[in-house]
Amino acid sequence: MATLSRKQLYFGVAAMVVVAAISGWLVYLKQQERLASAQVLPGGVVRVIAGKPGKELSIPLDVAVAPNGKLFVADAGNGRVQVFSRWGRQKGFLGGEDASFTYPNTVAVDTYGQVYVGEFNTGQIRIFSPKGELLRTFDSRTAGVPLAPLDLAVDEKGNLFVADRQGAILVLDRQGRIRQRFDRIEGASLETLSYPNGIAVDAAGKILVADSGNQRLLLLSAKGKLLKEIHGGGMTHPRGVGFFGEDYIVAADTFNHQLLVFDRQGKMVKRVQVTNQPGLSFIMPHGLCVHKGQVYVADRAHHIVVVFGKELKQ
């Protein structure tokens, strides 16, 4: 049996030390990157959007931001979708005689600026062009099953993700046909979904679900496999959710009047509450979206959209 010489042993140990040092340095760089990104987590209110007198929001339940910065708000109490400029100026409404709404409760925008509006009570999802023209309607006829959308998200390929009131995540193609259905999550503490009220999809195809009836968040793979089940922060019945950069997720903890920020391992890293704006202490955040480092939140208690960003130093 051959034995290693002292020189060979020396170089072997040296190589192991070098590998360990490089690995340690890479871990350190990753930690520094995460610490740096944590400095820009949402903290303070940077803007409030409410509409003009006579055109105020009423029970806004969701908000979406187009690539050009235009805002779309599911103005459920008024039965319409309000449109705002990136600066919060009112720009009109979606719909009209050819697409009247009764209770629009969710809105999403794809990478092309097309707008998706869902109503759980009618079971319809309508798609509008960036100019506001009705393009098509998804319903039970296109999907082949009844629809009751509580929240919507669109991935970069144009697939539409529906958090359905009937306890399922549905993935529809561009024609409104079902491609995938997730109604049982193997490995979760409770495998069935209950009132999934929020959904988001990241660039890698990972799916984030606010499983409201079960008081938890679920991070799933593109194929619906459980990656992480998230509890914590006293979270009850979460609503809207979003991905904040590559390391964090944010959820609307509606009845606790706050946003909760978690890392992707499920650890809560921040609790966002309104303390610096008189009259907004008890917001009820519902739907939300993340756009360019800011979190846009539909506040159904005060009938406004609150924009959270980096907390400014006094």
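Scroll up to find the structure this text is about.
So, here is what we can say about the structure in this document. The residue numbers shown here count from 1 along each chain, following its written sequence. Reporting in this predicted model follows two pLDDT cut-offs: at least 70 for local features of residues, and 80 or more for side-chain atom pairs to be given and counted; totals over whole chains, interfaces and linings ignore these cut-offs and use all residues. By convention in this description, side-chain values take in all heavy atoms of the structure and omit both hydrogens and water.

Some thoughts on the pairing of strand 7 (residues 115–119)
The cut-offs for exposure are 20% and 50% of the maximum accessible area for each residue type, with area from a 1.4 Å probe on protein chains only; residues under the lower value are buried, those over the upper are exposed, and the others partly exposed. Secondary structure counts use DSSP, requiring at least four H or I residues in a row for a helix and at least two E residues in a row for a strand, with both numbered from the N terminus. Among the five residues that make up strand 7, five are buried, leaving the element largely enclosed by the rest of the structure. The alternating pattern of strand 7 places Val 115, Val 117 and Glu 119 and Tyr 116 and Gly 118 on opposite faces, both of which are buried. Pairing geometry for strand 6 (residues 106–109) and strand 7, over four bridges, is antiparallel. Bridge pairing in strand 7 places Val 109 opposite Val 115. Think of it this way: DSSP has to see at least two bridges between two strands before they count as a pair. In textbook terms, the turn of a hairpin is the stretch between consecutive antiparallel strands, and for strand 6 and strand 7 this stretch comprises five residues, one of which, Gly 113, has a positive phi near 90°. Judged from the five bridges that link them, strand 7 and strand 8 (residues 124–128) form a sheet pairing that is antiparallel. For Glu 119, the partnering residue across the bridge sits in strand 8 and is Gln 124. Adjacent in sequence and paired antiparallel, strand 7 and strand 8 are bridged by four residues, among which Gly 123 carries a positive phi angle near 70°.

Section: the pairing of strand 17 (residues 226–230)
Where strand 16 (residues 216–220) lies against strand 17, four bridges are found, and the strand directions are antiparallel. Bridged to Leu 219 within strand 17 is Lys 228. The loop that links strand 16 with its antiparallel partner strand 17 comprises five residues; one of these, Gly 224, has a positive phi angle of about 85°.

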